[in-house]
Amino acid sequence: MSNFSQKEKIIQNYSILGVECICILLSYVLAILTRGVSASYSLYSEDYLSTILSILFFHLLAHYLFDWNVAFFRRGYYVELVAVFKYNCILVLTLGFFLFATRFEDFSRLVFFYFFLYNVCFTYLGHLLLKKFFTSVYRNSANSNKLIVLCTSQAVEKIVNKIGGSPEWSFQITGIILLDTDQIGQSIHGIPVLSDREHLYEYMKTALVDQVFIHLPDYSHQELENIITSFQSMGVTVHVNLDIFSDILAYKTAESFAGFTVLSYESNAFDYRRLLIKRIMDILGAMVGLFVTAILTPFLALAIKLDSPGPIFFSQKRVGKNGRYFKLYKFRSMYIDAEQRKQELMEKNEMNGPIFKLEHDPRITKVGAFLRKTSLDELPQFFNILLGQMSLVGTRPPTIDEFQQYELYYRRRLSIKPGLTGLWQVSGRNEISDFKEIVKLDLEYIDHWSLTSDIRILLMTLWVVVMGKGAR
């Protein structure tokens, strides 16, 4: 299962589970209120709590053992109602048998009847609203996977119609690339044609794209391998509407995609359960970091203001995962005209490649030098981490001008969320003068990622900061 499929499955399953648990709680409370609350069976009685916990237990057990919502998005209105009705019948009968077998006699059968009616209605309505949310809201949000269709003009309408009419919700078609004709600027079924064969790779270097769907049945084996390998080097997931490839150095997953049988090629395959744990670590770390930031901000703000005129915080547009733009926040460590003066200093750049570094940068203030030495200027980025734009550990997000100078394979360092710290930051970053070496370390981190490596890098980062090696 590809990374994107794992993500889709987890989001879908836990969203459905959450909605169903809310429906169960609401239905049971209303069932008791409809029955009439008595002294022996009240909202706060042990009988109530024991029964509702039993219902939730059996629901969770059925959810994990039987996966009854496996065809959730393929079920129509009528089929959905029948599925919800059948499931509630099984749930109530199983629970009734359990309570009878355990001789739990002090429960109202009328409450169970009302609960059954309410839960059928609420669960059915909740499922419909959830489907509507995923297919109409989530699909068009920034969090959905952005898909570009790569094909020829003869097949494009068929492909777009089939993908657009599929029940999958996790992706949005943002563009079409036609390899046999130049229709740049035109649109097909409302989807813009973004490039042709001549400008394909130049366009893809800076495009917002998570996945590419390829339908080129008339292309030779070698031509398709070249295209797939190029996208793989960029860290973009590739879905190929063919099943006869070999010798492509990527994680290949055969799966169903929008009604097609495809091989999905990914440069890395992560267990999404571990990615979920990584996200939880990010949230907890961000909350702790923001608490520390809140304590230090008054003191740092006063020092920044006394040292030089200008705002306390500095924000800059950066490039995140797979080409997403976001605003990165820092405590200001430079004079306010730093961006304008950068061009004057470009000839003194000490780095080879699309990144600027100057050891004795005259744009840095006195307080700014201290902030950078101690890495305190990075503290506001915990807000970016909390928003999900960054992670505690990852690759550093490039500026837009750096991103626009990227070579094709540089882009793969953006195939994961950017991080507050990373492997190259704790691997003698002051001695690195070649951007290719940074990319090498970033790709080493991506290719060998694990939760253990994240914890190790976080501990190494603390050591680097404490030892005063945090200057950038």
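For the structure given in this document, a descriptive report is provided here.

Cut-off values and rules
- Residues numbered from 1 in each chain as written.
- Predicted model: local features only at pLDDT ≥ 70, side-chain atom pairs only at ≥ 80, totals over all residues.
- Heavy atoms only, no water.
- Phe/Tyr/Trp six-rings, centres within 6.5 Å; stacked < 30°, edge-to-face > 60°.
- Helix = DSSP H or I, 4+ residues; strand = E, 2+ residues; numbered from the N terminus.
- Buried < 20%, exposed > 50% of the residue type's maximum accessible area, 1.4 Å probe, protein only.
- Lys NZ or Arg CZ within 6 Å of the ring centre and 35° of its normal.
- Pairing = 2+ DSSP bridges.
- Contact = heavy atoms within 4.5 Å.
- Axes fitted to C-alpha atoms, helices over the stretch in contact; angles between N-to-C directions.
- Salt bridge = Lys/Arg side-chain N within 4 Å of Asp/Glu carboxyl O.
- 1 Å grid on protein atoms, 1.4 Å probe; cavity = no way out; pocket = protein on both sides within 12 Å on 5 of 7 lines; lining within 4 Å.
- Points joined across faces, edges and corners; volume = space filled by probe spheres on them.
- Nonpolar A, V, L, I, M, F, W, Y, C, P; charged D, E, K, R; others polar.

Time to look at the packing of aromatic side chains. One pass over the structure, following the stated rule, counts 23 aromatic pairs. Between F73 and W169, the aromatic rings sit 5.9 Å apart at their centres with planes inclined by 35 degrees, giving tilted as the arrangement. Pair noted here: F73 is in the loop between α2 (46-66) and α3 (77-101) and W169 is in the loop between α5 (156-164) and β2 (171-178), with a separation of 96 residues, a long-range link. Relative to F331, the ring of F313 lies with its centre 5.1 Å away and its plane at 25 degrees, an arrangement referred to as stacked. Of this pair, F313 sits in strand β9 (residues 313-319) while F331 is found in strand β10 (residues 325-331), placing the two residues 18 residues apart along the sequence. With relative accessibility at 41%, the residue F313 sits in the partly exposed group. We classify F331 as buried; its relative accessible area is 1%. An aromatic cluster is defined as three or more aromatic residues linked by ring pairs; in this entry it consists of F72, F73, F133, F134, Y138 and W169. Positioned above the aromatic ring of F72 is the side chain of K131, whose terminal nitrogen or guanidinium carbon lies 5.0 Å from the ring centre.

Among the structural elements, F213 can be located in strand β5 (residues 211-214). Classification of F213 as buried rests on a relative accessible area of 0%. Remark: the alpha-carbon pair of F213 and Y124, spanning 89 residues in sequence, is separated by 34 Å.

Reading across the sheet, the eight strands line up as β3-β4-β2-β1-β5-β6-β8-β7 and stay open at both edges, with mixed pairing between neighbours. Edge positions in the open sheet fall to β3 (187-188) and β7 (251-257), since each of these has one partner strand only. Taken together, the three bridges between strand β6 (residues 237-240) and strand β8 (residues 260-266) define a ladder with antiparallel strand orientation. Looking at the pairing, V240 lines up with L263 of β8. Contacts from α5 reach β1 (145-151), β2, β3, β4 (191-195), β5 and β8 within the one sheet, and its direction differs from that of β2 by about 175 degrees.

For the rest of this paragraph, the subject is the pattern of salt bridges. Close approach of charged atoms allows side chains with opposite charge to pair. Evaluated as defined, the whole model comprises 13 salt bridges. With a shortest N-O distance of 3.9 Å, R341 and D337 are connected by a salt bridge. Accessibility expressed as a relative area gives 34% for D337, which makes it partly exposed. Among the ionic contacts, a cluster of salt bridges with common partners joins R75, E80 and K131.

What follows is about the layout of surface pockets. In this structure, the largest pocket occupies an estimated 1,300 Å³ of space. Lining the largest pocket are 43 residues, and of these K7, Y272, K321, G388 and K417 lie nearest its centre. Among the elements that make up the lining of the largest pocket, the one with the highest residue count is helix α8 (residues 272-307) (six residues). Here the residues of the lining of the largest pocket sort into 18 nonpolar, 15 polar and 10 charged. Residue lining of the second largest pocket: 40 residues in total, with R318, K330, M334, F356 and R372 positioned closest to the centre. The set of elements that each furnish at least two residues to the lining of the second largest pocket consists of β9, β10, α9 (338-345) and α13 (435-447). The residue inventory of the lining of the second largest pocket, partitioned by class, reads 21 nonpolar, four polar and 15 charged.

These figures capture arrangement, not role.
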